Amino acid sequence: MTRVLITGGAGFIGSHYAHHALQAHPGWQVTVLDKLTYAGNPANLQDLEGNPRYRFVRGDIASRQDVERAIAGGVDIIFNFAAETHVDRSIGDPEGFIRTDVYGTYTLLEAARARGVEAFVQISTDEVYGSIARGRSLETDALMPTNPYSASKAAADRLAYSYFATYNLPVFISRASNNYGPNQYPEKVIPLFVTNALEDKPLPLYGDGQNVRDWLYVTDHCEAIDVMLERGTPGEVYNIGGGNERRNLEITEQILDRLGKPRTLLRYVQDRPGHDRRYALDCSRIGTLGWRPRVPFEKGLEETIAWYAANRAWWEPIKTGEYLEYYRKQYRI
Ligand code: NAD
Ligand code: TDX
């Protein structure tokens, strides 16, 4: 049995990866370590309860004791998905991002070094490159993060690399583009706009709506992580993009049209400070390992919209309490 630790496994991508890991790797014993912040949701993992190859530990990656508790029985591979992940929240209150994304990654790297793991997978992001007006970011390009979230992720990305260069820890670093799909917390643009449209509430589009993101379906991301780990080279970075560059305005209109809602629900609001104009990745490195995204954007969006329409019981309880306070403060509506 290979003993695998998945941090942040109660969140959006981590929970998809936990399911994928148990299904695709019958020889893996999976422990999820998650603090269950506002973004962590036990419902994302509920169906795994009772699986003898799965266990859940509630704890903080920035706490040595919590990490030790999670890996007390030994660990072979660590996947670090745990992070504070929302750019707007990082602008309002950066401290938690430094603590979890930077210090938490350091704590895990130290545990990995002490144990001598087979692999440490750091889930980084395309945001570390900053905005790119033309062309596509290469893994060798300079990092120019522009907000506290992306800066903390860049710090973690390079800290992980330093453990490879200095201590020979087998580190793999992925930089994925914007993920979307079921179970994404409704603060990120696609689930926010889909659920607002379902509730006939305005869709708050930042600035002129012309910012571009490259959309990656979450299951394609999970498959790419495996390809990187199985066929990649330790110490390398791998860009993982969906090849679906879209302007935010186009996505907003598609969501409204697909749900049969009026375009009048579109509301232009004040722009995000330091809003990166465009992200785009050159993915030829992971392409040479044989990975390609499989889900076309229009199909993935259709499935995502259908999931939110069918799973109100998942998101309606989230859009209450603290969420509403955050929402009013963020959007002043
Ligand atoms: P998410 O916000 O949905 O989930 C994050 C999870 O981490 C939650 O379950 C939360 O409870 C947990 N967590 C937060 N702080 C923790 C701590 N201190 N200790 C333990 N657990 C903690 O995030 P996501 O969108 O699933 O992103 C997962 C990872 O992928 C992050 O590292 C993020 O930077 C990266 N990433 C995300 C995207 C995207 O588009 N969502 C794109 C590229 C990379
Ligand atoms: O209300 C909104 N209105 C709006 O116009 C929100 C929340 C977003 N937007 C715009 C900003 C971005 O151009 O939509 C685009 C996507 O925004 P987010 O969903 O907040 O994602 P982004 O800032 O691009 O970051 C995401 O991708 C990279 C994830 O949140 C990160 O965790 C990941 O690393």
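Up top you'll find the structure we're talking about.
Calculation notes
- Residues numbered from 1 in each chain as written.
- Chains lettered and ligands numbered in written order.
- Predicted model: local features only at pLDDT ≥ 70, side-chain atom pairs only at ≥ 80, totals over all residues.
- Heavy atoms only, no water.
- Helix = DSSP H or I, 4+ residues; strand = E, 2+ residues; numbered from the N terminus.
- Expected span 1.5 Å × (residues − 1).
- Buried < 20%, exposed > 50% of the residue type's maximum accessible area, 1.4 Å probe, protein only.
- Contact = heavy atoms within 4.5 Å.
- Near = heavy atom within 4 Å.
- Areas by Shrake-Rupley, 256 points an atom, 1.4 Å probe, with all protein chains shown as cover.
- Nonpolar A, V, L, I, M, F, W, Y, C, P; charged D, E, K, R; others polar.
- Lys, Arg positive; Asp, Glu negative; His and termini not counted.
- Salt bridge = Lys/Arg side-chain N within 4 Å of Asp/Glu carboxyl O.
- Polar contact = N/O pair within 3.5 Å; in protein donor to acceptor, adjacent residues only side chain to side chain.
- 1 Å grid on protein atoms, 1.4 Å probe; cavity = no way out; pocket = protein on both sides within 12 Å on 5 of 7 lines; lining within 4 Å.
- Points joined across faces, edges and corners; volume = space filled by probe spheres on them.
- Core = buried A, V, L, I, M, F, W, Y, C linked by side-chain atoms within 4.5 Å.

Colleague: What exactly am I supposed to notice about helix α1 (residues 12-24) here?
Modeller: Because an α-helix completes one turn every 3.6 residues, residues spaced three or four positions apart along the sequence face the same direction. Taking 1.5 Å per residue as the helical rise, α1 with its 13 residues ought to reach 18 Å, and the 18 Å between its terminal C-alpha atoms agrees with that figure. Most of α1 is tucked away: ten of the 13 residues are buried. In this structure, the buried side of α1 is in contact with β1 (2-7), β2 (28-34), β3 (54-58), β4 (77-80), β7 (178-180) and α7 (218-231).

Colleague: It is not clear to me how the site of ligand 1 should be interpreted in this structure. Could you clarify?
Modeller: Around ligand 1 lies a shell of 28 residues, among which Ile-13, Asp-34, Thr-85, Tyr-149 and Lys-153 are the nearest. Protein burial of ligand 1: of its 850 Å² of free accessible surface, 97% is covered by the chains. Of all the secondary structure elements, the ones that give two or more residues to the shell around ligand 1 are α1, β5 (119-125), α5 (148-167) and β7. Ranked by residue count, the leading element in the shell around ligand 1 is β5, at three residues. In terms of residue class, the shell around ligand 1 is built from twelve nonpolar, twelve polar and four charged.

Colleague: Help me understand the side chain of Arg-53, please; the structure alone is not making it clear to me.
Modeller: On the secondary structure map, Arg-53 appears in the loop between β2 and β3. The buried charged residue Arg-53 lacks any salt bridge, with Asp-226 as its nearest oppositely charged partner at 11 Å.

Colleague: Help me understand the environment of Ile-190 in this model?
Modeller: Here Ile-190 is to be found in helix α6 (residues 189-198). Ile-190 sits in the buried class, given a relative accessible area of 1%. Sequence separation between Ile-190 and Val-171 is 19 residues, and the spatial gap between their C-alpha atoms is 31 Å. Among all residues touching Ile-190, those that are not within four sequence positions of it are Tyr-180, Trp-215, Ile-251, Ile-255, Phe-297, Leu-301 and Thr-304.

Colleague: Explain the site of ligand 2 to me, please; I cannot follow it from the model alone.
Modeller: In the vicinity of ligand 2 lie 22 residues, with Glu-127, Tyr-149, Arg-272, His-275 and Tyr-331 positioned nearest. Between an oxygen atom of ligand 2 and a side-chain N or O atom of Arg-213, the distance comes to 2.8 Å. In the complex, 95% of the free accessible area of ligand 2, which totals 650 Å², lies under the protein chains. Of all elements in the fold, only α3 (87-92), α6 and β8 (203-206) reach the threshold of two or more residues within the shell around ligand 2. Considered class by class, the residues forming the shell around ligand 2 number nine nonpolar, seven polar and six charged.

Colleague: I'm lost on the pattern of salt bridges in this one. Help?
Modeller: In total, this model carries 27 salt bridges according to the counting rule given. With a closest N to O distance of 2.8 Å, Arg-277 and Asp-208 form a salt bridge. Placement of Arg-277 in the loop between β12 (266-269) and α9 (284-288) and of Asp-208 in the loop between β8 and β9 (212-217) is noted, with a sequence separation of 69 residues between them. The partly exposed category is assigned to Arg-277, whose relative accessible area is 41%. Among the charged side chains, a network of salt bridges with common partners joins Arg-89, Glu-187, Lys-188 and Glu-322.

Colleague: Would you take a moment to explain the layout of surface pockets for this structure?
Modeller: One water molecule sets the probe size; rolling that probe over the atoms shows where empty space is left. In this model, the largest pocket occupies a volume close to 590 Å³. Looking at the largest pocket, it is lined by 21 residues, and the ones nearest its centre are Asp-88, Gly-92, Tyr-326, Lys-329 and Gln-330. Counting residues per element, the ones that place at least two in the lining of the largest pocket are α3, α4 (95-115) and α12 (322-331). Take the lining of the largest pocket: its biggest share by element is six residues, from α12. Tallied by class, the residues present in the lining of the largest pocket amount to seven nonpolar, four polar and ten charged.

Colleague: I would appreciate a short explanation of the nonpolar core in the present structure.
Modeller: Nonpolar side chains in soluble globular proteins tend to be buried together. Among the nonpolar cores identified, the biggest contains 37 residues, and Ile-6, Tyr-17, Trp-28 and Phe-79 are the most heavily contacted of them. At the level of secondary structure, the elements contributing two or more residues to this core comprise β1, α1, β2, β4, β5, β6 (171-176), α7 and β10 (237-240). Take this core: its biggest share by element is seven residues, from α7. Apart from the residues within four sequence positions on either side, Ile-6 is in contact with Gly-14, Tyr-17, Ala-18, Ala-21, Val-30, Thr-31, Val-32, Leu-33, Phe-79 and Phe-81. One finds Tyr-180, Tyr-185, Leu-205 and Ile-255 within the second-largest nonpolar core, a separate group that totals 32 residues.

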